[in-house]
Amino acid sequence: MRRINGTALIIAALVATIGALAFPVWSYADRSGTGEANLNASSVATQWGPLSVTDRDFLIKVRLAGLWELPAGQQAIERAPSEAVKLAGDHLVVGHTDLDRRARDVASKLGVELPNQPTEQQQGWLRELTAASGEEYQLKFANLLRAAHGKVFALVAQVRHTTRNSLIRQLASDANQTVLDHITMLERTGFVDFDGLAREAAGASTASPSGPPVSSGGVPQVPVPVTPRGDQSFTSRPVPPTMAPLPQP
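Notes on the structure in this doc start here. (Residues numbered from 1 in each chain as written. Predicted model: local features only at pLDDT ≥ 70, side-chain atom pairs only at ≥ 80, totals over all residues. Heavy atoms only, no water.)

The subject of this paragraph is helix 5 (residues 120-131). For helix 5, with twelve residues, the first-to-last C-alpha span of 16 Å sits near the 16 Å given by 1.5 Å per residue. Considered for burial, the residues of helix 5 that qualify are Gln122, Gly124, Trp125, Leu126 and Leu129. (Helix = DSSP H or I, 4+ residues; strand = E, 2+ residues; numbered from the N terminus. Expected span 1.5 Å × (residues − 1). Buried < 20%, exposed > 50% of the residue type's maximum accessible area, 1.4 Å probe, protein only.)

Below, the structure is given as structure tokens:
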């Protein structure tokens, strides 16, 4: 009888131990501090789905990209010695004029305040381009713009994959096409330093530019449209993706 009671106690202890270990796993999704809880706490409900911090940051970065890349593209059209760089500049102007319009429309619907000036870093890049000329200008243009587009491209993929907001999802789809088109045209100039891009990525020494914090209240400033100056007879359209050859039977 004592042996049976001892065995029963051991079994009861094992069951209690297993239950204690399993309970945190079963209840983890409901506990504060989890990934899902943090996501929900940092998101704002909208009629198009939750708007997360990452969604807002993406919207601001799209705006910031247009604020410096459109003038950089227009400058390339006016100053670049080669037709390839001029054409890349044309694609930047056309793409960011359209993408900026879409971003401002989405921001207006979601109540996100957008900046009207590039970041200090972006303004510094524009100053670098303005100070350069000839071959040096083309090298700086191709590599500064290619590096910036590569960083945005990674963010677009993340947002397109994770957003729960339908407006942000569509904007990410539009941005994906535009950014890939610009990357393609910049690489076609023949001036992109791919080894340098790989070294920078490996070092991960710099972060992509970030915009101002989300407004905490008050009347948000109205974003000014990003538009080209003077002659607006730009003709480029996004480059269609390269078709891979079908496997032979």
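As enumerated under the stated definition, the model contains two aromatic pairs in all. When the ring of tyrosine 137 is compared with that of phenylalanine 141, the centres are 6.2 Å apart and the planes differ by 20°; the resulting orientation is stacked. Of the two residues, tyrosine 137 and phenylalanine 141 both sit in helix 6 (residues 134-162), four residues apart, roughly one turn of that helix. The exposure classification of tyrosine 137 matches that of phenylalanine 141, with both residues buried. (Phe/Tyr/Trp six-rings, centres within 6.5 Å; stacked < 30°, edge-to-face > 60°.)

Before going further, it helps to examine the nonpolar core. If you look at the biggest cluster of nonpolar residues, it comprises 24 residues, and the most contacted ones within it are Phe58, Leu59, Leu110, Val112 and Ile168. If near-sequence neighbours (up to four positions away) are discounted, phenylalanine 58 is found in contact with Leu155, Val156, Val159, Ile168, Leu171, Ala172 and Ala175. If you look at the next biggest cluster of nonpolar residues, it comprises 23 residues, including Leu129, Phe141, Ala148 and Leu197. (Core = buried A, V, L, I, M, F, W, Y, C linked by side-chain atoms within 4.5 Å. Contact = heavy atoms within 4.5 Å.)

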